[in-house]
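Listed here are the chains, written in short residue letters.
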Amino acid sequence: MNRIDPPPPQHQRLARSALAAPEIRSERMFHGIAVSAGVAIGPVFGTTEPEAVITRQKIHASDTGAESARLDAAIAQSQKQLAKLRARLAVLPEESQAEIAPLIDAYIRMLGPSRLVRGVRQRIQETLLSAESAVMKEAAAIGDAIMAQAEPSLSAEDLAGLRRRSDEIREIARRLVRNLTRSPFRSFAGLPEGSILVAEALRPADAALLDPSRLAAVVTEEGGADGHTAVMLRALGVPAVLGVAGLAHAAEPGDIAVVDGIVGTVVLNPAPLTLTAARKAVTAFARERQRYSRLRRLPAVTLDGTAIELQANLELPVELPLIVQAGAVGIGLLRTEFLFMNRETIPDEATQTESYRTIVEAMHGDPVTIRVLDWGGEKEIEALNMAGVVPEIADTNPALGLRGIRLLLRQPQLLETQFAAILRASMAGPVRVLLPMVTTVGEVRATREIYERVARRLRRRGERIPEKLPPLGIMIETPGAALSADALALEADFFSIGTNDLTAYTLAVDRAESVVAMLYDPTHPAVLRLVQFATEAALRMRMPVAICGELAASPKLTPLLLGLGVRSLSMNASAVPKVKQMIRSVQIDACVRFARRVMEQGDTERIRAMVDGFGRGD
Ligand code: PEP
Ligand code: MG
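In this text the structure is predicted, and so the values were computed from the model without any measurement. (Residues numbered from 1 in each chain as written. Chains lettered and ligands numbered in written order. Predicted model: local features only at pLDDT ≥ 70, side-chain atom pairs only at ≥ 80, totals over all residues. Heavy atoms only, no water.)

Turning next to the packing of helix H11 (residues 349-362) against helix H14 (residues 412-425). Viewed as axis vectors pointing N to C, H11 and H14 meet at an angle of 40°, and their least axial separation amounts to 8 Å. Accordingly, the angle class assigned to the pair H11 and H14 is oblique. Crossing hand, H11 versus H14: right-handed. Contact residues: H11 offers Glu349, Gln352, Thr353, Tyr356, Arg357 and Val360, while H14 offers Thr417, Gln418, Ala420, Ala421, Ile422, Arg424 and Ala425. Looking at the contact of H11 with H14 residue by residue, the classes come out as six nonpolar, four polar and three charged. (Axes fitted to C-alpha atoms, helices over the stretch in contact; angles between N-to-C directions. Helix = DSSP H or I, 4+ residues; strand = E, 2+ residues; numbered from the N terminus. Parallel < 35°, antiparallel > 145°, perpendicular 65-115°, else oblique. Left-handed = near helix turned anticlockwise from the far one by under 90°. Contact = heavy atoms within 4.5 Å. Nonpolar A, V, L, I, M, F, W, Y, C, P; charged D, E, K, R; others polar.)

Structure representation (structure tokens):
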């Protein structure tokens, strides 16, 4: 490619320019966090974020100060993102670092006192352009000026160099505009069937747009084991490895990759031997799935006859058939965030009612636990931003801010609409209502008041709702809630222990952050003790208690959880058969003895060794 082509289409462009002459690329292995099991082989499909939609072109003369401040904030945010990427490169071999680091450094330089930034400021001040319009205009002008030097006498190499510089300017401008406009979401429309999606980062809202039937695997540079993106990918049954430093920058269009979502590796341009081994692994995984599917109709009962409630979590309606196939008896956690994602308006009561009713009906009488909106943390929801529902949150620490029930109590109209829809849908089958991020008894009382008020209003309106309202339970997902479980048990109708957030908040580790992923450990004794404390508080009150965090999905941990007294587990659909097999192979007495020994330990390593050794005489 030695002529000046128009920019490559979105789906062909990886983070690096693809102008280099074709070369034989040797096999390279990358390591990341295995978040969704399965092995896949396929061509790499690189995705950058789509062009942001700029709705505001011009500003008022009195707004130039505010506009410059927006620009400063977007620059700072972009610098932070790039610094994070840069830091991750440290885990790569030296030659890979040498290849990628200069590119990131160039981006960082362009965010400093560069011609681009100076030009943008000037356009805001002098031509009263919005910051995003100014960025796009200035980047286009600089890009054009660079390409104007492309005379026919230049060598192919020099032309490629010009093209690369111009691409870099446009790329950094796109990042700035994305940060300025909080661009809603990517489009995966051009995703070729059977490809491996490689991205710098993927937000939960992006994951919600993926079509699992078209996709072989997902790999990202950012992300942690139990972040919501990981949870979604597992739910979709797509093999995935997250937190793979350097991959998006090393991969080129047309590269083939082998993704192993069981061990957490990605091999770019596999050698013939690697490919043969990968094909065998793909077949072995499919066989294992088939073996597990035979368990579908068998009950989840231990050897001594104790019945365990085995349910699935649902994040997207497309999972419904998977849940039925997996042999789950109902939905233990319906995350309703999907209804609010990737749209600009908040869904009204009728839309929500329809959605919940469809899911409840699909479960044919098996119970469905519907959790009200858990906005916050990484689960940014555009509709709420756009509707102005979420004030002043963006730059605070969202995980510790107005998340879950806190936001809903501050914006009760959201809660009222959702309660009304759930109550109406609960005529279609057994439903329970679950509240996220509860930390105080006051929150439960205040919410119950709203719940009962909504029910009275619906009855006055002549709507049909159950005579006895569905139980109102709470997530136990912060150390504060776990440690006050005895008090909360007096107010709530049931508990559902969310070990994902419980782990994150107990260990002060961001669940979606690859840099600290090695510290994110749900089997840390502190987390297990909180699970035990909350479970025992519920059992004393003879109140139902379930675990719906990712901990429940690990069959190795099933004996421990049963031994702690848990009799209800909810997990991603693909984990249901494995956990069922484990349940069917244990005696409760042995689990209780095992749990007692495990809970005496203070060392995670020792706990892991004991868990691995369960049933082998440890
Ligand atoms: C949890 O925190 O464990 C949980 C189940 O909720 P979510 O993953 O949706 O935050
Ligand atoms: Mg949670």
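From this point, things continue past the structure.
Moving on to the packing of aromatic side chains. Aromatic rings considered in pairs are described by the distance between their centres and by the relative angle of their planes. Considering all chains together, one arrives at two aromatic pairs under this definition. Ring geometry for Phe594 against Phe614: centres 4.7 Å apart, planes inclined by 65°, an arrangement best described as edge-to-face. Residue Phe594 is found in helix H22 (residues 588-598), and its partner Phe614 is found in the segment after helix H23 (604-612); the two are separated by 20 residues along the sequence. Under the relative-accessibility criterion, Phe594 is labelled buried at 1%. The side chain of Arg291 reaches across the aromatic face of Tyr292, ending 5.9 Å from its centre. Positioned above the aromatic ring of Phe494 is the side chain of Arg432, whose terminal nitrogen or guanidinium carbon lies 3.9 Å from the ring centre. (Phe/Tyr/Trp six-rings, centres within 6.5 Å; stacked < 30°, edge-to-face > 60°. Buried < 20%, exposed > 50% of the residue type's maximum accessible area, 1.4 Å probe, protein only. Lys NZ or Arg CZ within 6 Å of the ring centre and 35° of its normal.)

Before going further, it helps to examine the coordination of the magnesium ion (ligand 2). Each protein donor to the magnesium ion (ligand 2) is listed here as Glu477 (OE) and Asp501 (OD); together their distances run 2.0 to 2.1 Å. Of this pair, Glu477 sits in the loop between strand S13 (472-476) and helix H16 (479-483) while Asp501 sits in helix H18 (residues 499-507), and the two are 24 residues apart along the sequence. Of the two residues, Glu477 and Asp501, both sit in the buried class. (Donors = N, O, S within 2.8 Å, 3.2 Å for Na, K, Ca; no water.)

The next thing to look at is the site of ligand 1. In the vicinity of ligand 1, 16 residues are found, and the nearest of them are Arg335, Arg371, Gly498, Asn500 and Arg511. A distance of 3.0 Å is found between an oxygen atom of ligand 1 and a side-chain nitrogen or oxygen belonging to Glu477. Note that an oxygen atom of ligand 1 is positioned 2.7 Å from one of the backbone N or O atoms of Asn500. Computed on the free molecule, ligand 1 has an accessible area of 290 Å², of which 100% lies beneath the protein chains in the complex. When contributions to the shell around ligand 1 are tallied by element, the ones reaching two or more residues are strand S10 (331-335) and H18. Considering every element that reaches the shell around ligand 1, the biggest residue donor is H18, with three residues. (Near = heavy atom within 4 Å. Polar contact = N/O pair within 3.5 Å; in protein donor to acceptor, adjacent residues only side chain to side chain. Areas by Shrake-Rupley, 256 points an atom, 1.4 Å probe, with all protein chains shown as cover.)

Once that is clear, we can look at the sheet that holds strand S8 (residues 265-268). What the eight strands build is an open sheet, ordered S1-S8-S7-S3-S4-S5-S6-S2; its pairing is mixed. For this open sheet the edge positions go to strand S1 (28-31) and strand S2 (33-36), each flanked by a neighbour on one side alone. Going from strand to strand, the sheet's axes swing by 30° on average, the running direction of each strand aside. Pairing between S2 and strand S6 (residues 240-242): three bridges, direction antiparallel. Bridge pairing links Ala34 to Val241 in S6. Across the sheet, helix H9 (residues 272-293) lies against strand S3 (39-46), strand S7 (256-260) and S8, angled at about 115° from S3, the strand it touches most. (Pairing = 2+ DSSP bridges.)

Attention shifts here to H22. Since the α-helix packs 3.6 residues into each turn, any two residues three or four apart lie on the same face. Buried within H22 are the following residues: Ile588, Cys591, Phe594, Ala595 and Val598. Seen end-on, H22 carries its buried residues on one side only, within an arc spanning 120°. H22 presents Asp589 and Arg596 as exposed residues on the side facing more than 90 degrees away from its buried surface. (Arc of directions from axis to C-beta.)

It is worth spelling out helix H5 (residues 156-181) at this point. With 26 residues, H5 ought to run about 38 Å at 1.5 Å a step, and its terminal C-alpha atoms sit 37 Å apart, in line with that. Within two residues after H5, Arg182 carries a phi angle of roughly 45°, on the positive side. (Expected span 1.5 Å × (residues − 1).)

Right, let's get into the pattern of salt bridges. In the structure shown here, the tally under the stated rule is 26 salt bridges. The salt bridge partner of Glu550 is Arg234, with a shortest N-O separation of 2.7 Å. In this pair, Glu550 sits in the loop between strand S15 (545-547) and helix H20 (558-563) while Arg234 sits in helix H7 (residues 228-236), placing the two residues 316 residues apart along the sequence. Accessibility assignment for this pair places Glu550 and Arg234 in one class, buried. Where Arg371 meets Glu337, a salt bridge forms, and the shortest distance between an N and an O atom there is 3.4 Å. One end of the pair, Arg371, is in strand S11 (residues 368-371); the other, Glu337, is in the loop between S10 and H11, with 34 residues separating them in the sequence. Its relative accessible area of 3% is what places Glu337 among the buried residues. (Salt bridge = Lys/Arg side-chain N within 4 Å of Asp/Glu carboxyl O.)

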